[in-house]
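# Analysis of the macromolecular model
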Amino acid sequence: MMKLNANLATRWIAKPLVFLLCLLPLGWLLAGLADLAGFVQWPAAGLGANPVEEIQDTFGIWGLRLLLVTLAVTPFREILGWPRLLLFRRMLGLFAFFYVSMHFLWYLLVDQGLDWRLWIEDIAKRPYVTVGFTALLLLIPLAVTSTQRAMRRLGRRWQRLHRLIYPAAILGCTHFYWQVKADIREPLVYCLVLAVLLGWRLYRYRKRASRRRAEQDAREYQQASGAGLPVQPLAE
Amino acid sequence: MRIRPSEITPEPVYRARREFLAGIAGLGAASALAGPSLAEQIMNVTLIERLNYKRNARYSTSEKANSLADITGYNNFYEFGTDKSDPARNAGSLRPRPWSVVVDGECEGKGRYTLEDLLKPHALEERIYRLRCVEAWSMIIPWIGFPLGDLVKRFKPTSRAKFVEFTTLLDPRQMPGQRSSVLDWPYVEGLRVDEAMHPLAILAVGLYGQVLPNQNGAPLRLVVPWKYGFKSIKSIVRIRFTEGMPATTWALSAPREYGFYANVNPEVDHPRWSQKRERRIGSDSFLSRQPTVKFNGYAAEVASLYSGMDLTRNF
């Protein structure tokens, strides 16, 4: 009974809540656009003097934040012992993909204004654009294979494929770091968080590997020392 | 709207401003308006003093000027924080009066001068200039100021003076952004003497007919409209004449990205972004960028300063 209640609470309360929270940045931008267009007078949601840049930066920063939150699910799940956190990972990852995609589409269609020669020049010539674009490309197969069906069909390969989030997050942080002018403090915070999240995985991987090695060593020792031989009766 | 106590101009500052204005070349005592307008309160500026000036039509563009809210709310002034909205929020701690400027180096008029004495003989003009930021956005700003060259002449630079170096105030209590070392403080900029003598280069003390708000570089700032905005140094406390090229802040911070000359030039990209086009802040067509023009559209006046120079190398 308790278990059923927890499932219901996750499904009908926690998940919709997280969903709405993930929509907040978009809602803020829409409020700002409504203010800009003069539909409402709401300067608090104002997008400032340079709305095009403000919208693009907001999409980008929330894409990166949600990517890091997605990467934080597994460590928090294991450290806090909350297996249920896993149920939120797909939604968080898809929201990260949504914001990163909007960041890119806004850049392409609004900031660069539909001029494909400028896109090609920018993506090829500007390293920070190149790495940002590569990060987006890496996220596409992950979004496509995020369904239950794809998970079942891919089996063990699904997990291997979804490790692409690691290079995508590294490129995302690099993209942020490379585009600031002089104040690197904010991108450094993101790099640090990413380093902790990836460092924890490396630590866990090495710990598991050493445990496996120790178990293997013990098995081999036991075999070599004859501990594995069938027991036989001992004549008196 | 609630106004925080920190946003209200303290009485001594207010009085000092009035004295300062009364002192400007007998241009008439300042007239206080009824009170700060809503826009002024929002932008944390108290524009209470009107300046007396004549419009200089010859050196003014007919393009539509940006709103006061845009000009005072979207600033790069790292001394008050690196976000565009930080200067409007934080510049209240700057005390622009009393103010003095040290003049030294290769000139006869070395010394420390009060702002009032510096400004006294100069008639103020309004110049509506284009401002092109190195970050590929631009504005139209109605500055109030006077030609830099007229001031330079008063200090009688010697024949050894080839450059003019300007320095911003260094005081982390007034400029909280200086507590973090995003740039090598104090901010230093410079011009070649012939650039400084060009009639388009001005020192501004106001905008939109009123005293310069703190976040725009009060009380005295440079405006060099054919160069990227970072050349137009704010809140100047020192002017030095030198034989060698001054080491300027952004050029020191990232020499590959920012040069001494920093002339607006669509043919020379910033290593990380294109300089071919710019976004005009506040424009009706803010969704699209417009082409950037060489020397920010002032080529007819200033291109001769750079004849024979390779502007790709001297960027």
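Assigned secondary structure in chain A consists of 9 helices and 0 strands. Mapped in sequence order, the helices and strands of chain A form the string α-α-α-α-α-α-α-α-α. Going through the 236 residues of chain A one by one, you find that 20% of them count as buried. In chain A, of all internal contacts separated by at least 6 residues, the share reaching a separation of at least 24 is 58%.

Take the packing of helix α5 (residues 127-144) of chain A against helix α8 (residues 165-179) of chain A next. All names here are of chain A. At a minimum axis separation of 8 Å, α5 and α8 run at an interaxial angle of 155°. It follows that α5 is roughly antiparallel to α8 by the angle criterion. Of the two elements, α5 crosses α8, and the hand of that crossing is left-handed. Between α5, through P127, Y128, V131, G132, T134, A135, L138, L139 and L142, and α8, the contact on the second element is made entirely by I165, P167, A168, L171, G172, T174, H175, W178 and Q179.

Residue and element names in this part refer to chain B. In this model, chain B carries an average pLDDT of 88, and 84% of its residues clear a pLDDT of 70 or more. Contacts from residues 18-47, a stretch scored under 50 in pLDDT, to residues over four places away or in other chains number 45 contacts. For this predicted complex, the interface score ipTM comes out at 0.79, while the overall pTM is 0.83.

Attention shifts here to the sheet that holds strand β11 (residues 236-242) of chain B. All names here are of chain B. Across the sheet, 5 strands lie side by side as β3-β2-β11-β6-β7; this open sheet has mixed pairing. Bordering the open sheet on either side are β3 (111-114) and β7 (188-192), each of which pairs with just one other strand. Along the sheet, successive strands turn relative to each other by an average axial angle of 20°, direction set aside. Note: strand β6 (residues 163-168) against β7, 5 bridges, orientation antiparallel. Across the sheet, residue E165 finds its bridge partner in β7, namely G190.

Right, let's talk about the interface of chain A and chain B for a bit. Facing the 14 residues of chain A at the interface are 20 residues of chain B. Among the elements of the structure, α2 (51-80) and α8 of chain A are those that each provide at least two residues to the side of chain A that touches chain B. For the side of chain A that touches chain B, the residue count by class is 7 nonpolar, 4 polar and 3 charged.

Here the focus is the packing of α8(A) against helix α9 (residues 185-224) of chain A. Residues and elements named next belong to chain A. Running from N to C, α8 and α9 cross one another at 165°; their axes reach a closest spacing of 9 Å. Taken together, α8 and α9 sit at an angle that is classed as roughly antiparallel. By crossing handedness, the relation of α8 to α9 is classed as left-handed. Of α9, the residues touching α8 (which contributes Y166, A169, I170, C173, F176 and Y177) are P187, Y190, C191, L194 and L198. The residue inventory of the contact of α8 with α9, partitioned by class, reads 11 nonpolar, no polar and no charged.

This brings us to α9(A). Residues and elements named next belong to chain A. Look at α9: 57 Å from first C-alpha to last across 40 residues, which is about the 58 Å you get at 1.5 Å a residue. Little of α9 is tucked away, with 2 of its 40 residues classed as buried. Of the residues trailing α9, G226 is marked for its positive phi of about 85°.

Right, let's get into the environment of A:W28. Residues and elements named next belong to chain A. Within the element layout of this structure, W28 appears in helix α1 (residues 2-37). For W28, a count of 15 C-beta atoms within 10 Å translates into the label partly exposed. Along the chain, W28 and I55 lie 27 residues apart, while their C-alpha atoms are 9.8 Å from each other.

Right, let's get into the pairing of strand β8 (residues 202-207) of chain B. Residues and elements named next belong to chain B. Extensive coverage of β8 is indicated by the burial of 6 of its 6 residues. Across 5 bridges, strand β5 (residues 137-147) lies against β8 in antiparallel orientation. Across the sheet, the residue bridging to W143 is L207, located in β8. Two strands pair when backbone bridges link them, and β8 and strand β10 (residues 221-223) are joined in this way by 3 bridges, in the antiparallel orientation.

What counts, and at which threshold
Residues numbered from 1 in each chain as written. Chains lettered and ligands numbered in written order. Predicted model: local features only at pLDDT ≥ 70, side-chain atom pairs only at ≥ 80, totals over all residues. Helix = DSSP H or I, 4+ residues; strand = E, 2+ residues; numbered from the N terminus. Buried ≥ 20, exposed ≤ 12 C-beta atoms within 10 Å, placed from the backbone. Contact = placed C-beta atoms within 7 Å. Axes fitted to C-alpha atoms, helices over the stretch in contact; angles between N-to-C directions. Parallel < 35°, antiparallel > 145°, perpendicular 65-115°, else oblique. Left-handed = near helix turned anticlockwise from the far one by under 90°. pLDDT = per-residue confidence, 0-100. Pairing = 2+ DSSP bridges. Nonpolar A, V, L, I, M, F, W, Y, C, P; charged D, E, K, R; others polar. Expected span 1.5 Å × (residues − 1).

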